[in-house]
Amino acid sequence: MAAISRDDVAHLAKLARIEMSDSELDHLAQEMDVILGAVARVQEVASADVPPTSHPIPVNNVVREDVVRPSLTPQEALSGAPAQSEDRFKVPQILGEE
Amino acid sequence: MTTIRSSASEMAAALANGETTSVELTEGHYAQIEKVDAQVHAFLYLDKEGALAQAADVDAKRKSGVELSPLAGIPLALKDVLAQKGIPTTCGSKMLEGWRPPYDSTVVSKLKAAGIVILGKTNMDEFAMGSSTENSAYGVTHNPWDLTRIPGGSGGGSSAALAAFEAPLAIGTDTGGSIRQPAAVTGTVGVKPTYGGVSRYGLIAFSSSLDQAGPCARTVLDAALLHEVIAGHDERDSTSIDAPVPQVVKAAKKLDVKGMKIGVVKELQGEGFQSGVLSKFHEGLDALVAAGAELVEVSCPTFDYALAAYYLIAPSECSSNLARFDSMRYGIRIGDDGNRSAEEVMKLTRHEGFGPEVKRRIILGTYALSSGYYDAYYGSAQKVRTLLMRDFNAAFAQADVLVSPTAPTTAFKIGANDNDPLAMYLNDIATIPVNMAGIGGMSLPCGLAEEDGLPVGFQIMSPAMRDDLMYQVGGTLEAALLSKWGGPLLDKAPVLAGN
């Protein structure tokens, strides 16, 4: 039985905000099934008494004094923007027209 | 006489005694790039103007008696994953085509401050995902030993540039082996420092708990010199370790391993490893024993699960990290016709901008992190990570460093793994445990496999923040092998004809 269906992959693509063609979905569903079959092995040794590790070293929040430092100018920050207007990033509509 | 085949250390000595200038060195390397890069395709972008300006500046400072850093004036090839102000930085992806970062990564700031001359940006698998450089959106890089073969990946551009004498130094990044495996298959040296040893600020993130930048070179000492330039604490990276940089240059010069215990990892030498890889690895072990080291066999049983855990953790982190490529603030934007919504434009842009391997990993990571599957996949992989670290701790209680072949095979043919992602992933089987535990790892050449005449890499792993130990063992092994071979391994590589 397949661990993951074509519809599952289509749903994941939607969550990840990636448009996918029918042939991409077909292909990826097959590949994902094989890959998931291989990586599921981790469950064999992951017993309840083993604590998880997210980072190789302890990660702590880093704070500094709240003082003004030089940073990017608006022009620099916007230099890679696909579109800009009035010193701001210009983006397509988010909420719709109505 | 200094030539483009000299080591960076030799070039530095020639600069110091006035035998050559940085401008001359830089022009010599651009001449080689013009001669061979149409065949190798190591570079995505050349910054000739900026490089020659930096070289002239270093020459002027040297002339006026200003004290310079040891590598001042030496040319370097920079992997295209690191931001360099004003210079196109694509990460091998169509998504970032034309993007010029408004700032320098910390690694680049340190290179510039040391007077190092950045020749240009090198090719890589898209967003550093791959083991062959075939996933680049800008064409494949060819291995200088055999142009029909891969130069490793993801940092195949950097390793190929070194092996083709287009640069004596390069920078790579290593998430699961992307510095060490390219070094192995091109007969060069590559080092993944301890996680947190080199700042990740300005390094385009793939898997943040695994990514680490490091030095690539043709000799262990050159790698050590570059390591000391780029390492050190950086307040802009919250995972940067606030501790003194290990003294790797001093260690690389020791050339002594008497009494050191070398742990040979049982799980990294059996099935799946090419016979010529194993025989050259064993010649390396023999050389270390002859130099006075003691071999101990160590067992790391969880290593058999490392690859599976990695291909859950790295895609999970990638699916989160690559969410930033949303076509709003930088990079390409597709389909913004005034009618489509931001979400529709985002989906179209990510469809066009990402290649197949990146999409595969984002989908896999999205799945592994999704509710209902999190514990079974990502959660289990994190537990394997704990077990891997316990394996390493136990092994390092028995040995000063651990060793294995770097990659299971020599360089494979371009296109050989096109339709089999799992076969491609197997290339990383010996390098991945190092990233999962955050320790240091080095690859250096240990010979040419009998069956195909291609380079084999010898991996040395050292405990966290003891990077000096792998340089000490690597430097000693390199010296022993050089005297056995009668010269550098790269002297045996075919000389690339000009166009």
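Everything numeric in this text was worked out from a predicted model, so none of it was measured. (Residues numbered from 1 in each chain as written. Chains lettered and ligands numbered in written order. Predicted model: local features only at pLDDT ≥ 70, side-chain atom pairs only at ≥ 80, totals over all residues.)

Participant: Which residues make up the interface of chain A and chain B, and what values go with them?
Facilitator: How big an interface is tends to be expressed through the accessible area that disappears when the partners come together. Each side of the interface is counted separately: chain A has 46 residues, and chain B has 58 residues. At the level of secondary structure, the elements contributing two or more residues to the side of chain A that touches chain B comprise α1 (6–15), α2 (22–39) and α3 (74–77) of chain A. At seven residues, α2 of chain A tops the list of elements feeding residues into the side of chain A that touches chain B. (Contact = placed C-beta atoms within 7 Å. Helix = DSSP H or I, 4+ residues; strand = E, 2+ residues; numbered from the N terminus.)

Participant: Residue-level account of the domain arrangement of chain B, with values.
Facilitator: Residues and elements named next belong to chain B. On domain assignment, one finds that chain B holds domain 1 (8–300 + 385–492) and domain 2 (304–367). Counting residues at the interface gives 30 residues for domain 1, matched by 24 residues for domain 2. Where the side of domain 1 that touches domain 2 is concerned, the elements lending two or more residues are α13 (375–398), α14 (421–425) and α15 (432–437). Considering every element that reaches the side of domain 1 that touches domain 2, the biggest residue donor is α15, with three residues. Here the side of domain 1 that touches domain 2 is built from residues that sort into 16 nonpolar, eight polar and six charged. (Domains from an automatic or database assignment. Nonpolar A, V, L, I, M, F, W, Y, C, P; charged D, E, K, R; others polar.)

Participant: Tell me about helix α5 (residues 156–163) of chain B, and please be specific about residues and values.
Facilitator: Residues spaced three or four apart along an α-helix point in a common direction, a consequence of the helix completing one turn every 3.6 residues. Residue and element names in this part refer to chain B. In terms of burial, α5 is largely enclosed, as eight of its eight residues are buried. Taken residue by residue, α5 has Gly-156, Gly-157, Ser-158, Ser-159, Ala-160, Ala-161, Leu-162 and Ala-163 as its buried positions. A positive backbone phi angle near 60° is found at Phe-165, which sits one or two residues after α5. (Buried ≥ 20, exposed ≤ 12 C-beta atoms within 10 Å, placed from the backbone.)

Participant: Can you break down the sheet that holds strand β3 (residues 117–122) of chain B residue by residue, with the values?
Facilitator: Sheets are built from strands that pair by backbone hydrogen bonding, the pairs being arranged parallel or antiparallel. Residue and element names in this part refer to chain B. Here we have eleven strands laid out as an open sheet, ordered β1-β3-β2-β4-β6-β5-β10-β11-β9-β7-β8, and mixed in their pairing. Looking along the sheet, the strands with just one partner apiece sit at the ends: β1 (43–46) and β8 (294–298). Strand after strand, the sheet turns through a mean of 30° between neighbouring axes, direction not considered. Here strand β9 (residues 401–405) runs beside strand β11 (residues 455–462); their pairing, made up of four bridges, is antiparallel. Note that in β11 the partner of Leu-402 across the bridge is Met-461. Relative to strand β4 (residues 169–173), α5 is tilted by about 160°, and along the sheet it contacts β1, β2 (75–79), β3, β4, β5 (189–192) and β6 (213–217). (Pairing = 2+ DSSP bridges. Axes fitted to C-alpha atoms, helices over the stretch in contact; angles between N-to-C directions.)

Participant: Got a sec to walk through the nonpolar core? Specific residues and values, please.
Facilitator: Residue and element names in this part refer to chain B. Counting residues in each nonpolar core, the largest one holds 169 residues, and the members touching the most others are Leu-71, Leu-76, Ala-309, Leu-312, Ile-363 and Val-401. Counting residues per element, this core draws most heavily on helix α10 (residues 306–321), at ten residues. For this core, the two domains that each supply at least three residues are domain 1 (8–300 + 385–492) and domain 2 (304–367). Excluding residues within four positions of it along the chain, Leu-76 makes contact with Leu-111, Ile-116, Val-117, Ile-118, Leu-119, Ala-167, Leu-169, Ala-170 and Ile-171. (Core = buried A, V, L, I, M, F, W, Y, C linked by C-beta atoms within 7 Å.)

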